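What follows is each chain in one-letter form.
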Amino acid sequence: MTIARRALHCLAIAWLLAACAPFNHTGPDSPVPLASVPPLQPAPRVALVLGSGGPRGYAHIGALKVLEEAGIQADLVVGSSVGALLGAFWADGVSAQRMDELSRQGGPLTVFDPSPFADRGWIIGQRLQNYVNDQLSTTRIEQLRRPLVVVATRRADKAPVFFMQGNVGVAVRASSAIPGVISPVGIEGTEYEDGDESLPVAVRAARQAGAQFVMVIDVSAHPGSAPEGVNPDWLVRDASRRSRIDPEVAQADFVIHPDMGYYAAPREAFFNRARQAGEDETRRMLPALRIKLAQVLGSRSPHQEKL
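Small disclaimer: the values here were computed from a predicted structure and weren't measured. (Residues numbered from 1 in each chain as written. Predicted model: local features only at pLDDT ≥ 70, side-chain atom pairs only at ≥ 80, totals over all residues. Heavy atoms only, no water.)

Participant: Help me out: how do you make sense of the overall build of the protein in this one?
Facilitator: Along its length, the protein carries 9 helices and 10 strands. By the burial criterion, 51% of the 307 residues in the protein qualify as buried. Long-range contacts, defined as pairs at least 24 residues apart, comprise 79% of the intrachain contacts of the protein with a sequence gap of at least 6. Element-wise, carbon and sulfur atoms account for 56% of the exposed surface of the protein, whose accessible area totals about 13,600 Å². (Helix = DSSP H or I, 4+ residues; strand = E, 2+ residues; numbered from the N terminus. Buried < 20%, exposed > 50% of the residue type's maximum accessible area, 1.4 Å probe, protein only. Contact = heavy atoms within 4.5 Å. Areas by Shrake-Rupley, 256 points an atom, 1.4 Å probe, with all protein chains shown as cover.)

Right, here's the structure in full:
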C-alpha cells in the first residue's frame, strides 16, 4: 500500500469512528442538564406540558391553534421529544398557524439527515438542531419569550434530565434522539437521548417549577386501542410507556388526549388526521377547561400577551 493510499485509509477509518461516535457538545452555550427543575420566580400560573409521540406530534399543532383562539396562554412550556420541538417554537412566540405552515413546507417535523451508521441511529440530528436554531429568535433557551423546559433522558441510567439553559437546538436534538433512529447527543462527555425514554409527559417538571395550573396534551395512543394481531413486543413497549405516562398525568389539572388511532405513520394523510384530531378534541374539551381554570385560578384570566 502506498503512503498516499495508507493516509487515505487512515482518514477513512478516523471519519468512520467520528461518525459512529455520539455528537458531543461542549462550550459556553452547552445546554445544562438538571436533575430537577428549580422553582421559578415568579411562579408560573399556567404550565403547558407537551408529550412525546413522533408523528403524533402534529396533534399538538391543532390543539395549540384552539388554545390560541380561546386566548388561553401559558407562562411555562414543558416538552418531551416532539413536544420539546414544538414547545420551543411556541415558547419563542411562534403561533400554531405559523407552525402549521412550516410543517407543510417540510419542517420542523421532517428535517432529518439520514446516516449509514444504524448502530448509532440512521438519522444524525444535526439538521434538526440547525433548523431549530435558525428558525427561532435566539439560540439560547433562557432567552426565549416564555420559560421552556426540555426533557431528555440520560442514556446510561435512563434518568430524566431537564434543560433550561444553553443551546436550544442541542437540547431539542437530545430530547428527540430516538434510540436506533436518531443518534444520541453527548454533552460534556455524557450521552443523552429521547425524553420519551424517561418522561413522555413531564408533569413533574411543571410542578417542580411551582406551576399553579398544569394542562397536558398527551398524544400517545389510547389504552386498549391496539387492534387484534398486533406484535406482542409492541404491547409490552406500550405497557412500559404507559407506566411512565400515567403517574405524570395523574398530577395534572387538565389533560387533553386526542384519539388518532393506534397506528401512526410519517405520511401526509396521518399528519392531517393528527392535526384535526388535536383541534377537534381541544375544541370539545374547551368548556371544561375554562371551568377548571376558573376553579383553580379564580376569576383571574390565564391570558398572557398575544403571540
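Participant: Mind showing me how you'd approach the packing of helix H5 (residues 126-135) against helix H6 (residues 168-175) here?
Facilitator: Packed helix pairs are characterised by how far apart their axes lie and by the angle those axes make with each other. The N-to-C vectors of H5 and H6 enclose an angle of 140°; their axes lie 8 Å apart at closest approach. By the criterion of interaxial angle, the relationship of H5 to H6 is oblique. Pair H5 / H6 crosses with right-handed handedness. The residues of H6 that touch H5, namely those facing Gln126, Leu128, Gln129, Val132 and Asn133, are Val168, Gly169, Val170, Val172 and Arg173. By residue class, the composition of the contact of H5 with H6 is 5 nonpolar, 4 polar and 1 charged. (Axes fitted to C-alpha atoms, helices over the stretch in contact; angles between N-to-C directions. Parallel < 35°, antiparallel > 145°, perpendicular 65-115°, else oblique. Left-handed = near helix turned anticlockwise from the far one by under 90°. Nonpolar A, V, L, I, M, F, W, Y, C, P; charged D, E, K, R; others polar.)

Participant: It is not clear to me how the pattern of salt bridges should be interpreted in this structure. Could you clarify?
Facilitator: Side-chain pairing between opposite charges can occur once the charged atoms of the two side chains come close. Enumeration according to the criterion identifies 20 salt bridges in this entry. Asp253 serves as the salt-bridge partner of Arg207, at 2.8 Å between the closest nitrogen and oxygen. With Arg207 in helix H7 (residues 203-208) and Asp253 in the loop between helix H8 (232-249) and strand S10 (254-256), this residue pair connects regions lying 46 residues apart in the sequence. Owing to a relative accessible area of 21%, Asp253 belongs among the partly exposed residues under this scheme. Through salt bridges that share partners, Arg155, Lys158, Glu191, Glu193 and Glu197 make up one connected network. (Salt bridge = Lys/Arg side-chain N within 4 Å of Asp/Glu carboxyl O.)

Participant: Please clarify how the environment of Val82 should be interpreted in this entry.
Facilitator: Mapped onto the secondary structure, Val82 falls in helix H3 (residues 82-91). Between the C-alpha atoms of Val82 and Leu50, which are 32 residues apart in sequence, the distance is 8.1 Å.

Participant: I tried to follow the pairing of strand S5 (residues 148-154) on my own but got confused; where do I start?
Facilitator: Within S5, 6 of the 7 residues are buried, leaving the element largely enclosed by the surrounding structure. Note that strand S4 (residues 76-80) and S5 share 4 bridges and pair parallel. Bridged to Ser80 within S5 is Val151. For S5 and strand S6 (residues 159-163), the ladder comprises 5 bridges, and the chain directions are antiparallel. Note on S6: the bridge partner recorded for Arg154 is Ala159. Between S5 and S6, which pair antiparallel in sequence order, lie 4 residues; one of them, Lys158, sits at a positive phi of approximately 60°. (Pairing = 2+ DSSP bridges.)

Participant: How do you make sense of helix H4 (residues 96-104) when you look at a structure like this?
Facilitator: Helical geometry note: an α-helix holds 3.6 residues per turn, so side chains three or four residues apart project in the same direction. If you check which residues of H4 are buried, you get Ala96, Met99, Asp100, Leu102 and Ser103. The buried residues of H4 occupy an angular sector of 165° when the element is viewed end-on, so they sit on one face. Looking at the packing, one finds that the buried side of H4 touches helix H2 (58-69), H3, H5 and helix H9 (268-297). Following H4 by one or two positions, Gly106 has its phi on the positive side, about 105°. (Arc of directions from axis to C-beta.)

Participant: I keep staring at H8 and nothing clicks. Help me out?
Facilitator: Across its 18 residues, H8 extends 25 Å between first and last C-alpha, which sits within 8% of the 26 Å expected from 1.5 Å per residue. Taken together, the buried positions of H8 are occupied by Arg241, Arg242, Ile245, Glu248 and Val249. Structurally, H8 contributes buried residues whose contacts are with H7, strand S9 (213-217) and S10. (Expected span 1.5 Å × (residues − 1).)

Participant: Explain the nonpolar core here, please?
Facilitator: Considering soluble globular proteins, one finds that nonpolar side chains tend to be buried as a cluster. One finds Leu48, Phe89, Leu148, Phe163, Val168, Met215 and Leu289 to be the most contacted residues of the largest nonpolar core, which totals 62 residues. Of the residues forming this core, the biggest block, 9 residues, is contributed by H9. Excluding its chain neighbours within four sequence positions, the residues that come into contact with Leu148 are Leu76, Val77, Gly87, Ala88, Ala91, Ile141, Phe163, Met164 and Val168. Judged by nonpolar contacts, the second largest core, of 23 residues, contains Leu40, Val149, Val214 and Ala252. (Core = buried A, V, L, I, M, F, W, Y, C linked by side-chain atoms within 4.5 Å.)

Worth remembering: the numbers are spatial, not functional.
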